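Now for the letters of each chain:
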Amino acid sequence: MKPPFDLKLSIIGLALWLTACATNPVTGSPNFVTMTESQEIGLGRQYDAEVRKQYHVYDSPELQEYVNQVGQKLAHNSHRPNISYHFTVLDSTEVNAFALPGGYIYITRGLITYLNSEAELGAVLGHETGHVTARHSVQQISAATATNIVVQITSVFVPGMNTAAGSSLTNLLGNALLSGYGREHELQADHLGAEYLARTGYDPQAMVQVLIVLKNQELFDAEIAKQEGREPRAYHGLFATHPDNDTRLKQVVGEAQSIARPNSVENREAFLQHIKGITFGESADQGTIRKGKFYHSELGLTLQFPEGWHIHNLADRVQAQSPTNDAGIELRVANKATGSPEDYLRKMKWFSFGENIESLSINGLPAATTETTSQGKPVKITVIYLNNKAFLIVGSAASRAVFDRYHDNINATTTSFHPITDAERKLAKPLMIRIITAKQGVTYAELARSSPLGKNAESYLRLINAQYPSGEPAQGQELKIVE
Ligand SMILES: [Zn+2]
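Computed from a prediction, not measured in an experiment: that's the story for all the values here.

> It is not clear to me how the overall build of the chain should be interpreted in this structure. Could you clarify?
Within the chain, the secondary structure is distributed over 16 helices and 19 strands. Burial analysis of the chain (483 residues in total) assigns 56% to the buried set. Accessible area of the chain: about 20,500 Å², with a carbon and sulfur share of 51%.

Structure (C-alpha cells):
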C-alpha cells in the first residue's frame, strides 16, 4: 500500500473478433489474429506500465537477475527467440505468474517461495513463455480493444474513486496462470513450457511438480476454508484431478521427456541459495495482515477488518470483501490532510453529501464521516487524519438491506483505526525464508512450534517444502523455514 495513483487500465476482452491473418509462431500455420508483432509488443509495454503501478517490483536486484537469467535461457530455446523478453519478480504475496503480449512475463515472490528448484522456476517461466510464443493473449484481444485502448473500470465500491476491485489488473490477471486462457491454451502452455525446459537442459518433469505445488495450494485453501466456514477459493479449478493423475498432462510432459538431455538438471541447491532471505507474507511497505488486522509500520496505523472477510492488500489500498462478496470495506491513503476532516469530505465533489457530515474523534484522531448513496448503492465514507495524511475508510454494499446487515461491521472497522503501538509494530515485522539442514528425526510439527506462522504453521512448512499434506523431512535435507 502506498499513496494513490491514477489507475487507468483497459480490459483485455475475452471476445474473439478475428479480423486479420498471420502465421502462428508455434504451429507455423495461418492463424487469425488482429495484431502485428509490433502492435503486440507495444500493447505489452503499455500493460507493463500498468502492472508496475498495480504491483511493486520486488526489491532484490540479485533475485531479479537470477530469474531473468533462467527466463532468458528458456526464451532463447523457444519458438519466438527473436523478440525481447522481460522477466520480473513482483513483490506480491499472491501465488501467481502471468504473461502479457509481446514477452512481458511476471512471477510473484509469493509463488517463488513455494518452488523448490531452478527447474520448477523454469517450468513457471516456460509455461508463461509458451503463452507468449503461441500468442494466446493476442488471440483473445478483440480488434476493438487492440486499436482503441479504452479506459473501463467497473467499480464494486465507489465510482469515481478509482476503486477497481471488480476489474483491477489483479483480478484480471490474478488467475491467469491456470485459468486465464482456458484449458486448451493452458495445456498447450504446459506442453511448450516442458519442451523449453527439455531444450534448455532442465528436467521437464518440473512442469508436473509445479502444477502439484498449485494443486496443493488449492487443497490447503479448502482446508482453511473449512476452518473459517467459508467457500474455498476456486482459483485453480482447472484440475478436477490431481496433476499426477492427469493423463493429458502426462502425455504432453512425456513428449518433452523424449527430447530431454540425458543429464538434465533440477538445480535445487542453487535455487535455494538464491531465494534465502526472500520475504514471506507481506513486506514492510505493504503492511501486514494477521488475523484480519492490518498493520502498517511506515504509515503508523492499525485497522481491524471484520472476522472472516477476505482481505486483499493491493499496492495503493487494502480491500476487505464480505464472505458472500456483497459488501466491501476499503482503506486508502487519500492525500495530505488539509483543512478540517469535514472540509475534506465536503470537497470530494463526486458525491452530493448534503449537510449530513458528522465530525468526530476516532481513538483521539480527528475524523469526519457521512453516509450517502452512489449510483443507488449505500456508502459510508470516513476520513481520518493521522501524521498529516488523510485516510479514507469506505464501506459499501450491494443494497440497502445488505448495508444494514453489515452496518455494525463497517462501524467497528472504522472505529478500530488507531496509531500503531510498539507491540503491534513487532507483529508487523515482515517474515523471511531461511534455509536449514534437517537434523535426524526432525518433524514439521516440531518446526511449527517455534514458527511465527500461527496455527497453520505445520501446513505452511510442508507446502513450501513440497511435502504437503503429510510428508516429513529426511535427515540432511535442505529445508525452507520462515523466521
Ligand atoms: Zn497459463
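> Sorry if this is basic, but what is going on with helix H8 (residues 182-200) here?
Because an α-helix completes one turn every 3.6 residues, residues spaced three or four positions apart along the sequence face the same direction. In a regular helix each residue adds 1.5 Å, so 19 residues correspond to 27 Å; H8 covers 27 Å between its end C-alpha atoms and thus fits that length. Following H8 by one or two positions, Gly201 adopts a phi angle in the positive range, close to 100 degrees.

> Can you walk me through the sheet that holds strand E8 (residues 293-296) in this structure?
Sheet strands pair by backbone hydrogen bonding; their relative direction is either parallel or antiparallel. The strand order E7-E8-E9-E17 describes an open sheet built from 4 strands, whose pairing is antiparallel. Of all strands in the sheet, those with a lone pairing partner are strand E7 (288-290) and strand E17 (418-419), marking the two edges. Where strand E9 (residues 301-304) and E17 come together, 2 bridges link them in antiparallel fashion. Note that in E17 the partner of Thr302 across the bridge is His418. The sheet contacts of helix H13 (residues 400-416) involve E9 and E17, and relative to E9 the element is tilted by about 165 degrees.

> It is not clear to me how the sheet that holds strand E3 (residues 86-90) should be interpreted in this structure. Could you clarify?
Spatial ordering of the open sheet is given by E3-E5-E4, a layout of 3 strands whose pairing is mixed. In this open sheet, the two edge strands, each paired with only one partner strand, are E3 and strand E4 (97-100). Averaged over all pairs of adjacent strands, the angle between their axes in this sheet comes to 20 degrees, without regard to strand direction. With 5 bridges joining them, E3 and strand E5 (residues 104-108) adopt parallel strand pairing.

> Explain unusual backbone geometry to me, please; I cannot follow it from the model alone.
For residues that are not glycine, phi is negative in most cases, and the peptide bond is trans in most cases. The peptide bond linking Tyr468 to Pro469 adopts the cis configuration, its omega dihedral lying at 5 degrees. Notably, Asn267 is not glycine yet its phi reads approximately 50 degrees, a positive angle. For Asn267, the position within the fold is in the loop between helix H10 (247-257) and helix H11 (268-275).

> I would appreciate a short explanation of the pattern of salt bridges in the present structure.
Note that side chains of opposite charge can pair when their charged atoms are close. The full count for this structure, using the stated rule, is 19 salt bridges. Among the ionic pairs, Glu40 bridges to Arg80, the shortest N-O distance being 3.1 Å. A residue pair is termed long-range when its members are at least 10 positions apart, and Glu40 in helix H1 (residues 37-54) and Arg80 in the loop between helix H2 (61-76) and E3 qualify at 40 residues. This pair shows no difference in class: Glu40 is buried, exactly as Arg80 is. Note that Asp326 is salt-bridged to Arg405, the shortest N-O span being 3.2 Å. Here Asp326 is found in the loop between strand E11 (317-321) and strand E12 (327-336), whereas its partner Arg405 is found in helix H13, with 79 residues between them in sequence. Accessibility expressed as a relative area gives 17% for Asp326, which makes it buried. Sharing partners across several salt bridges, the network here consists of Glu37, Glu40, Arg80 and Arg135.

> Help me out: how do you make sense of the packing of aromatic side chains in this one?
Any pair of aromatic rings gets described here by the distance separating the centres and the angle formed by the planes. Considering all chains together, one arrives at 10 aromatic pairs under this definition. When the centroid spacing of 6.1 Å and the interplanar angle of 80 degrees are considered together, the rings of Phe220 and Tyr468 count as edge-to-face. Taken together, the positions of Phe220 in helix H9 (residues 206-228) and Tyr468 in the loop between helix H16 (457-464) and strand E19 (478-482) put the pair 248 residues apart, joining distant regions of the chain. With a centroid separation of 6.2 Å and an interplanar angle of 85 degrees, the aromatic rings of Phe280 and Tyr460 are classed as edge-to-face.

> What's the story with the pairing of E11 in this structure? I'm lost.
If a strand is regular, its side chains alternate between the two faces of the sheet. A large share of E11 lies buried, amounting to 5 of its 5 residues. Covered by surrounding structure in E11 are Arg317, Gln319 and Gln321 together with Val318 and Ala320, the residues of both alternating faces. Direction of pairing for strand E10 (residues 310-313) relative to E11: antiparallel, over a ladder of 4 bridges. Considered in E11, the bridge of His310 is made with Gln321.

> Which parts of the structure should I look at to understand the side chain of Glu478?
In this fold, Glu478 is placed in strand E19. Here Glu478 sits buried without a salt bridge, and the closest side chain of opposite charge, Arg268, lies 7.2 Å off (N-O distance). Side-chain polar atoms of Glu478 contact the side chain of Thr437, separated by 3.0 Å.

> Which parts of the structure should I look at to understand the environment of Ser283?
Structurally, the position occupied by Ser283 is in the loop between strand E6 (279-280) and E7. Overall, Ser283 belongs to the buried group, its relative accessible area being 7%. Excluding anything up to four places from it in sequence, Ser283 contacts Asp91, Arg109 and Pro430.

> What is the right way to read the confidence of the model for the chain from this model?
On average, residues of the chain score 81 in pLDDT, and 82% of them reach the 70 mark or higher. Mean pLDDT across the elements of the chain ranges from a minimum in helix H7 (residues 169-174), with 36, to a maximum in H2, with 98. Every residue in residues 1-21 is under pLDDT 50, and counting partners more than four places away or in other chains gives 84 contacts. In the model, residues 142-180 has pLDDT below 50 throughout and makes 119 contacts with residues more than four positions away in sequence or in other chains.

> Sorry, what's going on with H13 here?
Helix length check: H13, at 17 residues, gives a terminal C-alpha distance of 23 Å against a target of 24 Å (1.5 Å per residue), a fit within 8%. Where H13 bends most, at Tyr406, the angle is about 55 degrees.

> Can you help me understand the nonpolar core in this one?
The biggest cluster of nonpolar side chains holds 71 residues, and the ones touching the most others in it are Leu63, Val67, Ile107, Ile112, Leu121 and Leu125. Considering every element that reaches this core, the biggest residue donor is H9, with 10 residues. Counting contributing residues, this core receives three or more from each of domain 1 (20-279) and domain 3 (438-482). In terms of nonpolar packing, the next biggest core, distinct from the first, is built from 27 residues, Leu301, Ile384, Phe391 and Ile393 among them.

> How should I be thinking about the pairing of E4 in this particular structure?
Alternating residues of E4 divide into Ala97 and Ala99 and Phe98 and Leu100, and every residue in both groups is buried. Pairing of E4 with E5, which is carried by 4 bridges, proceeds in the antiparallel orientation. Each bridged residue has a counterpart across the sheet, and for Ala99 the counterpart in E5 is Ile105. Counted along the chain from E4 to the antiparallel partner E5, the turn is 3 residues long, and its residue Gly102 has a positive phi close to 85 degrees.

Thresholds applied
- Residues numbered from 1 in each chain as written.
- Predicted model: local features only at pLDDT ≥ 70, side-chain atom pairs only at ≥ 80, totals over all residues.
- Heavy atoms only, no water.
- Helix = DSSP H or I, 4+ residues; strand = E, 2+ residues; numbered from the N terminus.
- Buried < 20%, exposed > 50% of the residue type's maximum accessible area, 1.4 Å probe, protein only.
- Areas by Shrake-Rupley, 256 points an atom, 1.4 Å probe, with all protein chains shown as cover.
- Expected span 1.5 Å × (residues − 1).
- Pairing = 2+ DSSP bridges.
- Contact = heavy atoms within 4.5 Å.
- Axes fitted to C-alpha atoms, helices over the stretch in contact; angles between N-to-C directions.
- Salt bridge = Lys/Arg side-chain N within 4 Å of Asp/Glu carboxyl O.
- Phe/Tyr/Trp six-rings, centres within 6.5 Å; stacked < 30°, edge-to-face > 60°.
- Lys, Arg positive; Asp, Glu negative; His and termini not counted.
- Polar contact = N/O pair within 3.5 Å; in protein donor to acceptor, adjacent residues only side chain to side chain.
- pLDDT = per-residue confidence, 0-100.
- Bend = angle between axes of the 7 residues up to and from the residue.
- Core = buried A, V, L, I, M, F, W, Y, C linked by side-chain atoms within 4.5 Å.
- Domains from an automatic or database assignment.

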